[in-house]
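Listed below are the residues making up each chain.
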Amino acid sequence: AQKITQTQPGMFVQEKEAVTLDCTYDTSDPSYGLFWYKQPSSGEMIFLIYQGSYDQQNATEGRYSLNFQKARKSANLVISASQLGDSAMYFCAMRENNAGNMLTFGGGTRLMVKP
Amino acid sequence: DTGVSQDPRHKITKRGQNVTFRCDPISEHNRLYWYRQTLGQGPEFLTYFQNEAQLEKSRLLSDRFSAERPKGSFSTLEIQRTEQGDSAMYLCASSLVQALGNTIYFGEGSWLTVV
């Protein structure tokens, strides 16, 4: 079974609007972390935001927030006030405490911001 | 503060040739990871080091692949007798080991094309 599922291969959003990128995960480890990365066409994976499994509040970093619903095993990324520079691939990833701490990635969502 | 750097950024090689990629992690990071990413997919874990010890290898890492981190600083990933299926981007990443939430920082990747 896929550990990380991103069901939206591509999405469009109008500049200045908010957009939600979906991510669901599967783990039996009670201790884990969820990450979102942005990958522009240059290839670098840029860290955006982190949510720990025991964190009580949803993580926020500037225009990025993570809608963490533990019972549903979802960790959706919300980008507010989209900018043209937000156009990129976005990857959700999980790090399990009992799995060597490496990241397992989803298949990604390509976000395109329209002017 | 310099980030993770990788060299070369692009490599075109003929099938059957050997290639080597180098990664310089963030200086105080004791964990170093190698991932492989093919077009349209998320990165897949290959191997990781804690200091100079190689602690885990993925089944994706065939015996044609070898990674080293001799002094616990930079790392090399060598692919022997390259095949067309090795064409991908090879991403290096580093982190501190102390906590699950420690961010894994990626380099810009090394693109390999096998012709």
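Here, every reference points to the structure presented above.
Residues numbered from 1 in each chain as written. Chains lettered and ligands numbered in written order. Predicted model: local features only at pLDDT ≥ 70, side-chain atom pairs only at ≥ 80, totals over all residues. Heavy atoms only, no water.

## Comments concerning the overall build of chain B
Working step 1: Broken down by element type, chain B carries 0 helices and 11 strands.
Working step 2: When its helices and strands are written in sequence order, chain B yields β-β-β-β-β-β-β-β-β-β-β.
Working step 3: Whereas a compact globule of 115 residues would reach a radius of gyration of roughly 13 Å, chain B reaches 13 Å, a difference of no more than 12%.
Working step 4: Projected onto the principal axes, the alpha-carbon positions of chain B cover approximately 40 × 25 × 20 Å. (Helix = DSSP H or I, 4+ residues; strand = E, 2+ residues; numbered from the N terminus. Rg over C-alpha atoms; globule rule 2.2 N^0.38 Å.)

## Quick notes on the packing of aromatic side chains
Working step 1: For the structure on display, the rule yields 17 aromatic pairs over all chains.
Working step 2: Measuring from centroid to centroid gives 5.2 Å for Y25 of chain A and Y32 of chain A, while their planes differ by 50°, and the two rings are tilted. In this structure, Y25 of chain A and Y32 of chain A share a single accessibility class: buried.
Working step 3: On the basis of an interplanar angle of 25° and a centroid distance of 6.4 Å, the ring pair of F35 of chain A and Y37 of chain A is categorised as stacked. We note that F35 of chain A, like Y37 of chain A, is buried.
Working step 4: An aromatic cluster is built from F35, Y37, F47, Y50, F91 and F105 of chain A together with Y33, Y35, F45, Y48 and F106 of chain B, whose rings are joined through pairwise contacts. (Phe/Tyr/Trp six-rings, centres within 6.5 Å; stacked < 30°, edge-to-face > 60°. Buried < 20%, exposed > 50% of the residue type's maximum accessible area, 1.4 Å probe, protein only.)

## Quick look at the nonpolar core
As a rule of thumb, soluble globular proteins bury nonpolar side chains together.
Residues and elements named next belong to chain A.
Working step 1: L21, Y25, W36, I49, L77, Y90 and L111 are the most contacted members of the largest nonpolar core, which totals 25 residues.
Working step 2: Breaking this core down by element, the ones donating at least two residues are strand 2 (10–14), strand 3 (19–21), strand 5 (32–39), strand 6 (46–52), strand 8 (64–69), strand 9 (74–79), strand 10 (88–96) and strand 12 (109–114).
Working step 3: A total of 4 residues in this core trace back to one element, the largest contributor, which is strand 10.
Working step 4: If sequence neighbours within four positions are ignored, L21 has contacts with Q8, M11, W36, N76, L77, Y90, T109 and L111. (Core = buried A, V, L, I, M, F, W, Y, C linked by side-chain atoms within 4.5 Å. Contact = heavy atoms within 4.5 Å.)

## Some details on the sheet that holds strand 3 (residues 19–24) of chain B
Residue and element names in this part refer to chain B.
Working step 1: The 4 strands are arranged 1-3-8-7 in an open sheet whose pairing can be described as antiparallel. If you trace the sheet from one side to the other, it starts and ends with strand 1 (5–7) and strand 7 (65–68), each paired once. Each neighbouring strand pair of the sheet contributes to a mean axis angle of 15°, computed without reference to strand direction. (Pairing = 2+ DSSP bridges. Axes fitted to C-alpha atoms, helices over the stretch in contact; angles between N-to-C directions.)

## Thoughts on the pairing of strand 3 of chain B
All names here are of chain B.
Working step 1: Residues V19, F21 and C23 point to one face of strand 3 and are all buried, whereas T20, R22 and D24, pointing to the other face, are not buried.
Working step 2: Where strand 1 lies against strand 3, 3 bridges are found, and the strand directions are antiparallel. Of the residues in strand 3, the one forming a bridge with D7 is R22.
Working step 3: The sheet contact formed by strand 3 and strand 8 (residues 75–79) spans 5 bridges and is antiparallel. Pairing of R22 across the sheet is with T76, part of strand 8.

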